[in-house]
Amino acid sequence: MKIRRRELYEHIKSYEGKDNCDGFLGFIDSPIRNVRVIRLPEGRLRLKYIDKDNNIQRVDVGPGEEEEIDFP
């Protein structure tokens, strides 16, 4: 699925501080597991997860980034 880095960043930030993460990344159509969000310098975030082929994947996102990426 194609998504802009900014949109993924905004989605992740919308769950910040919430106790209930039901539906987090529920919009994607591929199974992923063991999702971790890591804070990076300059307000960026790294999404680290294991994909359907058991590979560790990382995606760095930040505010205002318009690049469109395939996720996951």
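For the structure, check the block above.
If you're wondering where the values come from, they're calculated on a predicted model, not measured in any experiment. (Residues numbered from 1 in each chain as written. Predicted model: local features only at pLDDT ≥ 70, side-chain atom pairs only at ≥ 80, totals over all residues. Heavy atoms only, no water.)

1. Concerning the overall build of the chain
Put simply, the rule is: Helix and strand assignments come from DSSP, with helices taken as H or I runs of at least 4 residues and strands as E runs of at least 2, each series counted from the N terminus. When we talk radius of gyration, it's over C-alpha atoms, and the globule rule is simply 2.2 Å times the number of residues to the 0.38. The buried label applies to any residue whose accessible area, calculated with a 1.4 Å probe on protein chains only, is under 20% of its type's maximum; exposed applies above 50%, and partly exposed to all values in between. Note on areas: Shrake-Rupley, 1.4 Å probe, and residue coverage restricted to the protein chains presented here. His residues and chain termini do not enter the charge count, which takes Lys and Arg as positive and Asp and Glu as negative. Here the site of a charge means NZ on Lys, CZ on Arg, CG on Asp, or CD on Glu.
When you go through the chain residue by residue, the secondary structure sums to one helix and five strands. Its C-alpha radius of gyration of 12 Å places the chain within 12% of the 11 Å reference for a compact globule of 72 residues. On the principal axes, the C-alpha backbone points of the chain span a range of 30 × 30 × 20 Å. Scored against the burial criterion, the 72 residues of the chain give a buried share of 25%. As displayed, the chain offers around 4900 Å² of accessible surface, 42% of which is attributable to carbon and sulfur atoms. If you average the places of the 14 positive and of the 15 negative side-chain charges in the chain, the two averages end up 4 Å apart.

2. Let's talk about helix α1 (residues 5–14)
Counted only if it meets this: Directions from the helix axis toward the C-beta atoms define the arc. Throughout, a residue-residue contact means that at least one pair of heavy atoms, one from each residue, lies within 4.5 Å.
Every buried residue of α1 is accounted for by Arg5, Leu8, Tyr9 and Ile12. Axial view of α1: buried residues confined to an arc of 100°, hence all on one face. Next to the buried residues of α1 lie β1 (2–4), β2 (33–39), β3 (45–50), β4 (56–61) and β5 (68–70).

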